[in-house]
Amino acid sequence: MKPATATINGNALRHNIELIKSLAPHSKVCAVVKANAYGQGISRVIHNLADKVDAFGVARIKEALTIQESGYGGKILLLEGFFDREELLKTLSRRFDTVIHSLEQLELLEEAGREWQTEQAKGFWQRKAKIYFPINIWLKIDTGMHRLGIHPEQVPEFYQRLQACPLVESIQFVSHFSRADEPDCGYTEKQIATFETATAPYSAQKSISASSGILYWQQAHYDWVRPGVIMHGISPHSRPITDLGFKPVMTLSSSLIAVRTHKAGEPVGYGGAWVSEKDTKIGVVAIGYGDGYPRNTPEGTPVLINGRKVPIVGRVSMDMMTVDLGAESHDKVGDEVILWGEDLLIEEVAAAIGVINYELITKLTPRVITEYQD
């Protein structure tokens, strides 16, 4: 009998990345593995995909260091760039690719470049060689997300200054869609037009499509695509993508640790939030908000036990939740409980709870056992 366990299917992960490559056959693939590879385990995902993708993308430099220290020697992209001088120096010494999205980052890079030139002129290059290496820059343009990125009219100035910096090896362009999962809204076409206009004067590689862009905007695949959640067989919106041939990579499961008879009119759990209308059997499942399953999960959210969906009832506790098994059920202690997976898609669970899929998988806590099947 196992407590909360996330089982990761390496074959499904590799299947999904091959499917992504077939959808964008002329693009290189930067697999985004931020937030512990969307809860799947960053080191193991790297192990499964290192020979199948062209780069890995992360949000924090700590994630990049984890990847490199696991033995991966390829391209790693910092999607938010460096946050301060210390991180810049690590970026230079480790030769990470980095996004530049602000004047502050550009000025830090220019300052480091001037320092490098001064020390080189003094003959200190050999001593500093382990610290400073020219790196690849991904200049981020705000095409309509209005979160990170320089304004399109700033591109010429930034590009010229980056070209003049001795620590810049190459310059690429990157942006991000904000409504790519809404194919009929008209906004993505505007972002594409803005991106193409801003980058037209330059012969540089481009990237704008993440998961939704890969699925719905073939004309915007460009030189690089950046798949994230779809690698794991999870939809970037509320509609399942299993119909497109993707396979769920994670199965979250636990076990029944108690089966109790329960009388009509009696409450279950903290606050008496749920009262049974009839005699039934209550199953107690070894998972709760201490494992990352949301405390605010509403009554009726499904779990899968012995091939049938049964509803969560009562409040989710720190270590347990309760489900209504039904008066005629034959479930027993030790039976497996599927919280989401191939037979109970995470999209259905997320819709019932009122959250997005991303939130469910990235909030699992270290207490959840992780098992890998390759």
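One structure accompanies this document, and this report is about it.

The next thing to look at is a nonpolar patch on the surface. Together, Met1, Ile257, Met320 and Val333 line one region of the surface with nonpolar side chains, adding up to about 390 Å² of accessible area. In this structure, Met320 sits in the loop between β15 (308-313) and β16 (321-324).

Once that is clear, we can look at the packing of helix α1 (residues 10-23) against helix α3 (residues 42-49). Where α1 meets α3, the axes come as close as 10 Å, and the angle between the chain directions of the two elements is 60 degrees. As summarised for this structure, α1 and α3 are arranged oblique, according to the angle between their axes. Crossing angle aside, the handedness with which α1 passes α3 is right-handed. Between α1 and α3, the contacting residues are Gly10, Leu13, Arg14 and Ile17 on the first element and Val45, Asn48 and Leu49 on the second.

Taking 1.5 Å per residue as the helical rise, helix α9 (residues 187-199) with its 13 residues ought to reach 18 Å, and the 19 Å between its terminal C-alpha atoms agrees with that figure. On its buried face, α9 is in contact with α8 (155-164), β7 (168-174) and β8 (206-209).

Moving on: the packing of α3 against helix α4 (residues 61-69). Interhelical geometry of α3 versus α4 gives an angle of 50 degrees and a closest axis separation of 10 Å. When the axes of α3 and α4 are compared, the pair comes out oblique. Viewed along their axes, α3 and α4 form a crossing whose handedness is right-handed. Listed contacts from α4 to Ile42, Ser43 and Ile46 of α3 are Glu63, Thr66 and Ile67. Tallied by class, residues from the contact of α3 with α4 come to three nonpolar, two polar and one charged.

Within this structure, the stated rule accounts for 19 salt bridges. Between Glu18 and Lys21 there is a salt bridge, and its shortest N-O distance comes to 4.0 Å. Taken together, the positions of Glu18 and Lys21, both in helix α1 and three residues apart, correspond to about one turn of that helix. According to the relative accessible area criterion, Glu18 is partly exposed, its value standing at 34%. Judged by its relative accessible area of 29%, Lys21 falls in the partly exposed class. The partner of Arg85 in a salt bridge is Glu115, with the nearest N and O atoms 2.8 Å apart. On the criterion of sequence distance, the pair formed by Arg85 in helix α5 (residues 85-94) and Glu115 in helix α6 (residues 103-121) is long-range, its members being 30 residues apart. For Arg85, a relative accessible area of 32% puts it in the partly exposed group. If you follow the salt bridges from partner to partner, you end up with Glu18, Lys21 and Lys52 in one network.

About the thresholds
- Residues numbered from 1 in each chain as written.
- Predicted model: local features only at pLDDT ≥ 70, side-chain atom pairs only at ≥ 80, totals over all residues.
- Heavy atoms only, no water.
- Patch = residues over 30% accessible without salt bridge, like charges linked within 9 Å, V, L, I, M, F, W, Y side chains within 5 Å.
- Areas by Shrake-Rupley, 256 points an atom, 1.4 Å probe, with all protein chains shown as cover.
- Salt bridge = Lys/Arg side-chain N within 4 Å of Asp/Glu carboxyl O.
- Helix = DSSP H or I, 4+ residues; strand = E, 2+ residues; numbered from the N terminus.
- Axes fitted to C-alpha atoms, helices over the stretch in contact; angles between N-to-C directions.
- Parallel < 35°, antiparallel > 145°, perpendicular 65-115°, else oblique.
- Left-handed = near helix turned anticlockwise from the far one by under 90°.
- Contact = heavy atoms within 4.5 Å.
- Expected span 1.5 Å × (residues − 1).
- Nonpolar A, V, L, I, M, F, W, Y, C, P; charged D, E, K, R; others polar.
- Buried < 20%, exposed > 50% of the residue type's maximum accessible area, 1.4 Å probe, protein only.

Function cannot be inferred from these measures alone, as they are strictly geometric.
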